[in-house]
Number of protein chains: 2
Amino acid sequence: MLSRIRIVLVQTFHPGNIGAAARAMKTMGLSELVLVNPREFPSIDATRLAAGATDVLENARVVSHLDEAILDCVQVVGASARLRSLPLPQFDEPDEMAQAVVQNADHAPVALVFGRERSGLTNDEIRACTHQVSIPANPEYGILNLSQAVQILAYEVHRAWRKRPESAFAYQRPVEATPPSREQFAHFQAHLGRLMHQSGFLTQPHARTEEQLQALFARAEPSRKELSLLRGLLSAFETYLPPDEK
Amino acid sequence: MLSRIRIVLVQTFHPGNIGAAARAMKTMGLSELVLVNPREFPSIDATRLAAGATDVLENARVVSHLDEAILDCVQVVGASARLRSLPLPQFDEPDEMAQAVVQNADHAPVALVFGRERSGLTNDEIRACTHQVSIPANPEYGILNLSQAVQILAYEVHRAWRKRPESAFAYQRPVEATPPSREQFAHFQAHLGRLMHQSGFLTQPHARTEEQLQALFARAEPSRKELSLLRGLLSAFETYLPPDEK
């Protein structure tokens, strides 16, 4: 599905932006890049800024007119810094745009179109789109660098994709985080409670204090290993405490 | 509130990334930049890539150790490409992180900490944080450029901020989009309906076809001006149609 989402850059001036855009795409699982009449491509600067995404550059299509880039697309979203008075349907929020795009890309190609660094897209180019989107930004300074705009919209597309149940996106998890069993946890709580009394910290049966500290440790969600460290620490204290009188 | 959100860059190697990060910050309403032991700063490259955000660079603080950058913060989120086995609370999703950050920044400074381009943050630096976040990405190539990571997390912070009712964020709206009154719209629907019959398009009272086309135009949400253009077009057709027999 992500492979049906095409990034189209129109008349990009700085080849570095092409490279940075390719990298931005690849980090977000996108691979289809089309360049409409780029000022300079291929380019050492593009390759350099692409870092590990030079394959995206190598597979990029170069065309001379926007139409050639989007003919087969069922949805074409023009990214504009400023919404024009042209009455195209517009997405106020990139996340709404991304949900629509991801849904359409299940079936057919969809394009996100970005314009020139200084002047964006022409009115004719916007007219070739089905929708507009702009990235809400600081009203005093809202012009993002081209490759940054690509990164954000690619990120939103990836986000819309991974939030679907069928994407089965696996979040990274550190390896050592096995939780303890309830029995192990209960042993710890009991050990802690016992030492609260033995140390004279709780002279009365102060159920609230005991509960509060136990809740703290519960909230901390210690791993099995951490619990073991805590028990070890409690045992080290215990050697110095007077024996339990109860 | 956004002014209490601090971006901290640790030992950045490429001054261009510092400039691009400053620009990314400013587009998202952030202004507090702290540089921990940058390799080269100030720098022509930083200034150039900052574009219209050179004020952020001018106001940036330079310190020699991470602690100095975050002492007064109530929450410090370390951005890592790879989550470490260090059992810091982690945010799987930048949007969850942003909601927490925006809430805390109502009251006190909060920092987002980014590491070196190649090696990220050291374990000690992660330990100085209260939380970790990573940007979910392509498992085959998930290392974003530093300034791109700053752009995305800044964007998420801005998004969390603008989705709060009290932010009163105003979306751009093109100026000419006044909707028609219900009366004007009803006149149009009636005109359209009449011409569907006069043209012989509907030989029977085909309520469904008439409704379907009327629904299309309703869904299109024509502006007052567009409705006027449509009426003009219908009138132009009308001159050639046989008179209404009903």
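Our subject is the structure listed above.
Below is a short write-up of the structure. As the structure is a computational prediction, the values presented were derived from the model and not from experiment.

**Observations concerning the overall build of chain A**
Alright, step 1. Regarding its fold elements, chain A presents 10 helices and seven strands.
Alright, step 2. Based on the C-alpha atoms only, the size of chain A along its principal axes is roughly 90 × 40 × 40 Å.
Alright, step 3. Per-residue burial for chain A yields a buried fraction of 50% across its 246 residues.
Alright, step 4. A sequence separation of at least 24 residues applies to 82% of the contacts in chain A between residues at least 6 apart.
Alright, step 5. Total accessible area computed for chain A in this model is approximately 12,500 Å², and 53% of it derives from carbon and sulfur atoms.
Alright, step 6. In chain A, the 25 positive side-chain charges and the 28 negative ones have mean positions that sit 1 Å from each other.

**Topic: the packing of aromatic side chains**
Alright, step 1. What the rule picks out here adds up to six aromatic pairs over all chains.
Alright, step 2. Consider the rings of W161 of chain A and F169 of chain A, whose centres lie 6.1 Å apart with planes at 75 degrees: the pair is edge-to-face.
Alright, step 3. Summarising the aromatic geometry, the rings of F188 of chain A and F217 of chain A are spaced 5.2 Å apart at their centres and angled 70 degrees between planes, so their arrangement reads as edge-to-face. Taken as a pair, F188 of chain A in helix α8 (residues 182–198) and F217 of chain A in helix α9 (residues 207–219) lie far apart in primary sequence, 29 residues in all.
Alright, step 4. Residue classification places F188 of chain A among the buried residues on the basis of a relative accessible area of 1%.
Alright, step 5. Each member of the aromatic cluster is reached from another via a ring pair, and the members are F185, F188 and F217 of chain A.
Alright, step 6. Lying over the aromatic face of Y141 of chain B, K26 of chain A brings its terminal NZ or CZ to 5.4 Å of the ring centre.

**Section: the interface of chain A and chain B**
Alright, step 1. Across the boundary between the two partners, chain A contributes 48 residues, which contact 48 residues of chain B.
Alright, step 2. Summed over both sides, the interface of chain A with chain B buries roughly 3,900 Å², with 49% coming from carbon and sulfur.
Alright, step 3. Across the contact surface, chain A and chain B share eight salt bridges.
Alright, step 4. R159 of chain B serves as the salt-bridge partner of D95 of chain A, at 2.6 Å between the closest nitrogen and oxygen.
Alright, step 5. In this assembly, chain A and chain B are joined by 20 residue pairs in polar contact (both at pLDDT 80 or more).

**A word on the environment of F237 of chain A**
Alright, step 1. Checked against the element boundaries, F237 of chain A lands in helix α10 (residues 224–238).
Alright, step 2. Each C-alpha atom, one on F237 of chain A and one on L195 of chain A, is 8.5 Å from the other, the two residues being 42 residues apart in sequence.

**Things to note about the relation of the copies chain A and chain B**
Alright, step 1. For the pair chain A and chain B, the superposition axis carries a translation of 0.0 Å, the fit reaches an RMSD of 0.1 Å, and the rotation angle comes to 179 degrees. On the angle and the small slide along the axis, the relation comes out as a two-fold axis.
Alright, step 2. Of the interface residues in chain A, 100% have counterparts in chain B that sit at the interface too, so the contact is made through matching surfaces.

**A word on the pattern of salt bridges**
Between side chains of opposite charge, a pair can form as their charged atoms come close.
Alright, step 1. One pass over the full model with this rule turns up 32 salt bridges over all chains.
Alright, step 2. R6 of chain A is the salt-bridge partner of E32 of chain A, the closest N and O atoms lying 3.9 Å from each other. Taken together, the positions of E32 of chain A in strand β2 (residues 32–36) and R6 of chain A in strand β1 (residues 5–10) put the pair 26 residues apart, joining distant regions of the chain.
Alright, step 3. In this structure E32 of chain A comes out as partly exposed when scored by relative accessible area, which is 34%.
Alright, step 4. A salt bridge links K26 of chain A to D55 of chain A; the nearest nitrogen and oxygen atoms lie 3.1 Å apart. Residue K26 of chain A is located in helix α1 (residues 15–27), and its partner D55 of chain A is located in helix α3 (residues 54–58); the two are separated by 29 residues in the primary sequence.
Alright, step 5. D55 of chain A gets classed as partly exposed once you look at its relative accessible area, which sits at 31%.
Alright, step 6. Each of D95, E156, R159 and K163 of chain A together with D95, E156, R159 and K163 of chain B takes part in a single network of salt bridges with overlapping partners.

Procedures and definitions
- Residues numbered from 1 in each chain as written.
- Chains lettered and ligands numbered in written order.
- Predicted model: local features only at pLDDT ≥ 70, side-chain atom pairs only at ≥ 80, totals over all residues.
- Heavy atoms only, no water.
- Helix = DSSP H or I, 4+ residues; strand = E, 2+ residues; numbered from the N terminus.
- Buried < 20%, exposed > 50% of the residue type's maximum accessible area, 1.4 Å probe, protein only.
- Contact = heavy atoms within 4.5 Å.
- Areas by Shrake-Rupley, 256 points an atom, 1.4 Å probe, with all protein chains shown as cover.
- Lys, Arg positive; Asp, Glu negative; His and termini not counted.
- Charge placed at Lys NZ, Arg CZ, Asp CG, Glu CD.
- Phe/Tyr/Trp six-rings, centres within 6.5 Å; stacked < 30°, edge-to-face > 60°.
- Lys NZ or Arg CZ within 6 Å of the ring centre and 35° of its normal.
- Buried area = accessible area lost by both parts, 1.4 Å probe.
- Salt bridge = Lys/Arg side-chain N within 4 Å of Asp/Glu carboxyl O.
- Polar contact = N/O pair within 3.5 Å; in protein donor to acceptor, adjacent residues only side chain to side chain.
- Least-squares fit on C-alpha atoms with pLDDT ≥ 70 in both.

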